[in-house]
Amino acid sequence: MIASFLVVFVALAACQALLTVKLADVLSPATQSGRPSAKPAREDGAVSLA
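Structure report, in brief. (Residues numbered from 1 in each chain as written. Predicted model: local features only at pLDDT ≥ 70, side-chain atom pairs only at ≥ 80, totals over all residues. Heavy atoms only, no water.)

**A few points about the overall build of the chain**
Now for step 1: Each helix and strand in the chain was counted, giving 2 helices and 0 strands.
Now for step 2: As displayed, the chain offers around 5000 Å² of accessible surface, 69% of which is attributable to carbon and sulfur atoms. (Helix = DSSP H or I, 4+ residues; strand = E, 2+ residues; numbered from the N terminus. Areas by Shrake-Rupley, 256 points an atom, 1.4 Å probe, with all protein chains shown as cover.)

Right under this line is the structure:
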């Protein structure tokens, strides 16, 4: 019983670590990852309140 718990716990920890690395790669700035950066949809000064 304890061995099965440890196996499941280690498997979940490994999945969490893998997902953390993948998410960090997705959220990293484009300048560091080598991909071209996307243009912002609007300039900050172009936003106006009605």
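**Side note on the packing of aromatic side chains**
Now for step 1: Applying the stated criterion to the full structure yields 1 aromatic pair.
Now for step 2: Ring centres of F5 and F9 lie 6.0 Å apart, and the angle between their planes is 25 degrees; this geometry places the pair in the stacked category. In this pair, F5 and F9 both sit in helix 1 (residues 2-27), 4 residues apart, roughly one turn of the helix.
Now for step 3: F5 gets classed as exposed once you look at its relative accessible area, which sits at 54%.
Now for step 4: Note on F9: relative accessible area 51%, which makes it exposed. (Phe/Tyr/Trp six-rings, centres within 6.5 Å; stacked < 30°, edge-to-face > 60°. Buried < 20%, exposed > 50% of the residue type's maximum accessible area, 1.4 Å probe, protein only.)

**Notes on helix 1**
Now for step 1: With 26 residues, helix 1 ought to run about 38 Å at 1.5 Å a step, and its terminal C-alpha atoms sit 37 Å apart, in line with that.
Now for step 2: Within helix 1, only 0 of the 26 residues are buried, which leaves the element largely exposed. (Expected span 1.5 Å × (residues − 1).)

**Notes on a nonpolar patch on the surface**
Now for step 1: A cluster of nonpolar side chains, contributed by I2, F5, L6, F9 and V10, occupies part of the molecular surface with about 570 Å² of accessible area.
Now for step 2: Structurally, L6 is set in helix 1.
Now for step 3: Assessed through its relative accessible area of 46%, L6 is described here as partly exposed. (Patch = residues over 30% accessible without salt bridge, like charges linked within 9 Å, V, L, I, M, F, W, Y side chains within 5 Å. Salt bridge = Lys/Arg side-chain N within 4 Å of Asp/Glu carboxyl O.)

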